[in-house]
Amino acid sequence: MKKIISCIVIISLLISCGESKKGSLTVKGNIRDLKKGTVYLQKFKDTLLVSVDSVQLNGDSNFILVDDIETPEIYYVTLNKNANRKIPFFGEKGEITITSKLDKFQTAAKISGSLNQELLDEYNAMAKKFSGKQLDLVKEKFEAQKNNDTTLLSKIEKEETSLIRRKYYYTTNFAVNNAKFEVAPYIALTELYYANIKLLDTVNNSLSKKVKASKYGKELNEFIKGIKKNEK
């Protein structure tokens with residue numbers, strides 16, 4: 001009888017170990033040169049970054065992580081819970097593929113399978129150009145201050161103001177043009193929180209019904225309500 005019970009227990013364990021993970025979001029990935037470590041799938045709940053799935057790797061650099069997702073939102077693939085080994089991506093229902101290298105974990109990451117991520121990549125590419133120009137102006141401003149060149153300093157400050165305004169308008173137009181995707185309210189929340197309330201309203205009013213009901217759609221609406229309440 002003891003042998004029979006032992007066999008049943010072993011078989012049950014084998015079956016449970018062989019069961020594939022299930023979830024509305026599946027993240028399949030590979031980290032080249034990773035021999036051993038734990039890969040986590042993380043996301044923010046309220047203000048806390050929590051792990052929703054994990055897999056321990058030992059000799060195999062492939063991994064599968066899953067979660068039940070209601071609406072698209074930002075996730076992170078994190079290696080050994082190291083803050084410097086974190087790949088952010090826009091998660092959504094379906095299968096997403098992420099590949100990277102151990103030595104360039106975040107910078108070498110390639111993500112496919114998420115339309116919102118593709119749009120976010122497009123936006124970030126342009127935002128990087130704005131940031132580069134802003135950095136150039138900071139350097140020029142420093143030199144003008146060092147040389148006590150007030151005329152040049154005034155000119156640079158006007159250029160800075162104009163650059164910020166152009167970035168805000170680009171961000172607003174990008175969000176409006178992609179109002180059917182959850183990336184729109186996300187960009188508004190992360191890039192326009194210092195902008196004129198009219199720009200936030202413009203994005204919010206352009207969102208599709210589906211996007212308004214999403215995680216970031218609701219957060220944007222509440223954010224705008226909070227601003228208007230404090231302005232009274």
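Everything below is about the structure printed above this text.
Undergrad: Report on the overall build of the protein, specifying residues and quantitative values.
TA: For the protein, the count of helices and strands is seven helices and eight strands. Compactness check: the protein gives a C-alpha radius of gyration of 23 Å against a globular reference of 17 Å for 232 residues, more than 25% above the reference. If one aligns the C-alpha atoms of the protein with their principal axes, the spans along those axes are about 95 × 45 × 30 Å. Buried residues in the protein amount to 35% of all 232 residues. A fraction of 58% describes how many contacts in the protein between residues 6 or more apart in sequence connect residues 24 or more apart. Surface accessibility of the protein: about 14600 Å² in total, with carbon and sulfur atoms responsible for 53%. Here the protein contributes 39 positive and 28 negative side-chain charges, whose respective centroids are spaced 3 Å apart.

Undergrad: I'd love a proper account of helix α4 (residues 183-191), names of residues and values included.
TA: Burial of α4 is extensive: seven of the nine residues sit out of reach of the surface. If you check which residues of α4 are buried, you get V183, A184, P185, Y186, I187, A188 and L189.

Undergrad: Any chance you could break down the sheet that holds strand β6 (residues 86-91) for me, citing the residues and the numbers?
TA: If you walk across this open sheet you meet the four strands as β3-β2-β5-β6, and the pairing is antiparallel. Edge positions in the open sheet fall to β3 (48-58) and β6, since each of these has one partner strand only. Each adjacent strand pair in this sheet contributes to an overall mean axis angle of 25°, direction not counted. Of the strand pairs in this sheet, strand β2 (residues 36-45) and strand β5 (residues 73-79) are connected by five bridges, and their pairing is antiparallel.

Cut-offs and rules
Residue positions are given per chain, counted from 1 along the sequence in the order it is written. Given that this is a predicted model, residues contribute local features only at a pLDDT of at least 70 and side-chain atom pairs are listed and counted only at 80 or more, while totals for whole chains, interfaces and linings are drawn from all residues. To obtain the side-chain values, all non-hydrogen atoms of the structure were used and water was disregarded. Note on conventions: DSSP H or I runs of at least 4 residues are helices, E runs of at least 2 residues are strands, and numbering of each starts at the N terminus. Here the globule rule reads 2.2 Å times residues to the power 0.38, and the radius of gyration is calculated from C-alpha atoms. Categorising residues by exposure relies on relative accessible area from a 1.4 Å probe, with only protein chains included: less than 20% of the type maximum marks a residue as buried, more than 50% marks it as exposed, and the intermediate range marks it as partly exposed. Note on contacts: a residue pair qualifies if any of its non-hydrogen atoms lie within 4.5 Å across the two residues. Surface accessibility follows the Shrake-Rupley procedure with a 1.4 Å probe radius. Residue values consider only the protein chains on display as shielding. The convention is simple: Lys and Arg are positive, Asp and Glu are negative, and His and the chain ends are not counted. By convention, the charge on Lys lies at NZ, on Arg at CZ, on Asp at CG and on Glu at CD. Pairing between strands requires that DSSP locate at least two bridges from one strand to the other. Between the N-to-C directions of two axes lies an angle of 0 to 180 degrees, each axis being a line fitted to C-alpha atoms and, for a helix, fitted only over the stretch in contact.

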